[in-house]
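# Residue-level structural notes
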Amino acid sequence: IINPIEYYAVIVGVTNYASNTAEMIGGEIFRMLIAGASGKAARSFGGYLLNDNENWKQENIKLLTDPPIFNPFGAPSITREDIKNAIDWMKSKADANDVCLFYFAGHGAASTNDVSMCMSDGTLHSPGIKLSEVLAAAAESTVGELVILLDCCFSGAAGEVPQLQASGSMLP
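Notes on the structure follow. As the structure is a prediction and not an experimental result, all values here were calculated from the model.

Counting secondary structure elements, the chain contains 6 helices and 7 strands. Reading the secondary structure of the chain in the N-to-C direction produces β-α-α-α-β-α-β-β-β-β-α-β-α. Buried residues in the chain amount to 44% of all 172 residues. In the chain, 73% of the contacts between residues at least 6 apart in sequence involve partners at least 24 apart. For the chain, the accessible surface area stands at approximately 9000 Å², while carbon and sulfur atoms represent 55% of it.

Right, let's get into the packing of aromatic side chains. Inspection of the entire model under this criterion finds 2 aromatic pairs. Measuring from centroid to centroid gives 6.1 Å for Tyr-8 and Trp-89, while their planes differ by 80 degrees, and the two rings are edge-to-face. Taken together, the positions of Tyr-8 in strand S1 (residues 7–13) and Trp-89 in helix H4 (residues 80–93) put the pair 81 residues apart, joining distant regions of the chain. Residues Tyr-8 and Trp-89 agree in their burial class; the two are buried. The ring of Trp-89 is capped by Lys-62, whose NZ or CZ atom sits 5.0 Å from the centre of that ring.

With phi around 55 degrees, Asn-113 is a residue other than glycine that occupies positive phi space. Its place among the elements puts Asn-113 in the loop between strand S4 (108–111) and strand S5 (114–118). Unusually for a residue other than glycine, Phe-154 sits at a positive phi of about 70 degrees. Position of Phe-154 among the secondary structure elements: in the loop between strand S7 (145–151) and helix H6 (162–167). Residue class for Phe-154 comes out partly exposed when judged on its relative accessible area of 46%.

Here we take up H4. Taking 1.5 Å of rise per residue, the 14 residues of H4 would be expected to cover 20 Å, and the 20 Å separating its terminal C-alpha atoms lies within 8% of that figure. Among the residues of H4, Ile-83, Ala-86, Ile-87, Trp-89 and Met-90 are the ones counted as buried. Buried residues along H4 cover an arc of 155 degrees about the axis, so they all sit on one side. On the buried face of H4, the contacting elements are S1, strand S2 (61–65), strand S3 (99–105), strand S6 (128–130) and helix H5 (131–139).

Reading guide: rules and limits
- Within each chain, residue numbers correspond to sequence positions counted from 1 in written order.
- Local features in this predicted model are restricted to residues whose pLDDT is 70 or higher, and side-chain atom pairs enter the listing and the counts only when it is 80 or higher, whereas totals over whole chains, interfaces and linings include all residues.
- Working from all heavy atoms in the structure, the side-chain values ignore hydrogens and water.
- Secondary structure elements follow DSSP: runs of H or I of four or more residues count as helices, runs of E of two or more count as strands, with numbering from the N terminus.
- With a 1.4 Å probe rolled over the protein chains alone, any residue whose accessible area is under 20% of its type maximum counts as buried; one over 50% counts as exposed, and the rest are partly exposed.
- Any two residues whose heavy atoms approach within 4.5 Å at even a single point are treated as in contact.
- Per-residue accessibility takes into account occlusion by the displayed protein chains alone, with areas from the Shrake-Rupley method and a 1.4 Å probe.
- When two rings of Phe, Tyr or Trp (its six-membered ring) have centres within 6.5 Å they constitute a pair, described as stacked for plane angles under 30 degrees, edge-to-face for angles over 60, and tilted for the intermediate range.
- Here, over-ring charges are defined by two tests on the NZ atom of lysine or the CZ atom of arginine: distance to the ring centre within 6 Å, and angle to the ring normal within 35 degrees.
- In this scheme, a helix's expected span is set at 1.5 Å multiplied by one less than its residue total.
- By construction, the arc corresponds to the directions joining the helix axis to the C-beta atoms.

Right under this line is the structure:
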């Protein structure tokens, strides 16, 4: 008996960054300009999956967004650990017949042969989760198909990640 295809998603929208990360990505003015935009994009994308596509179930979607109201003095909202836990959740649920989606809206940072998705608790030297980390986690799983959508600065650097070059799995 073949298991039916299930669809799982981790959808992330990071808007609030710790002050040290904000300085790295453009300071206070940047923080005010981006306020709410990434979280809104992630919530809209999650709503699209649930409302416009019968394959996606609410219990199969992890939506991680900052509070909708910008709080420059608040504690970091979405941390690297939150993302790692969400990816582990998706890996534990999906099997070889399933489709997984990872969507990130927020700020990105360039790094050698990689792109980092900046998190609320990021630092100058470690701004967040690298795409290569997401790909390594997927490679350790039984996930049948993984779709990654990056809505962030430097997403074009994804083409330099060695795991993608080897598999030829990226669309230009």
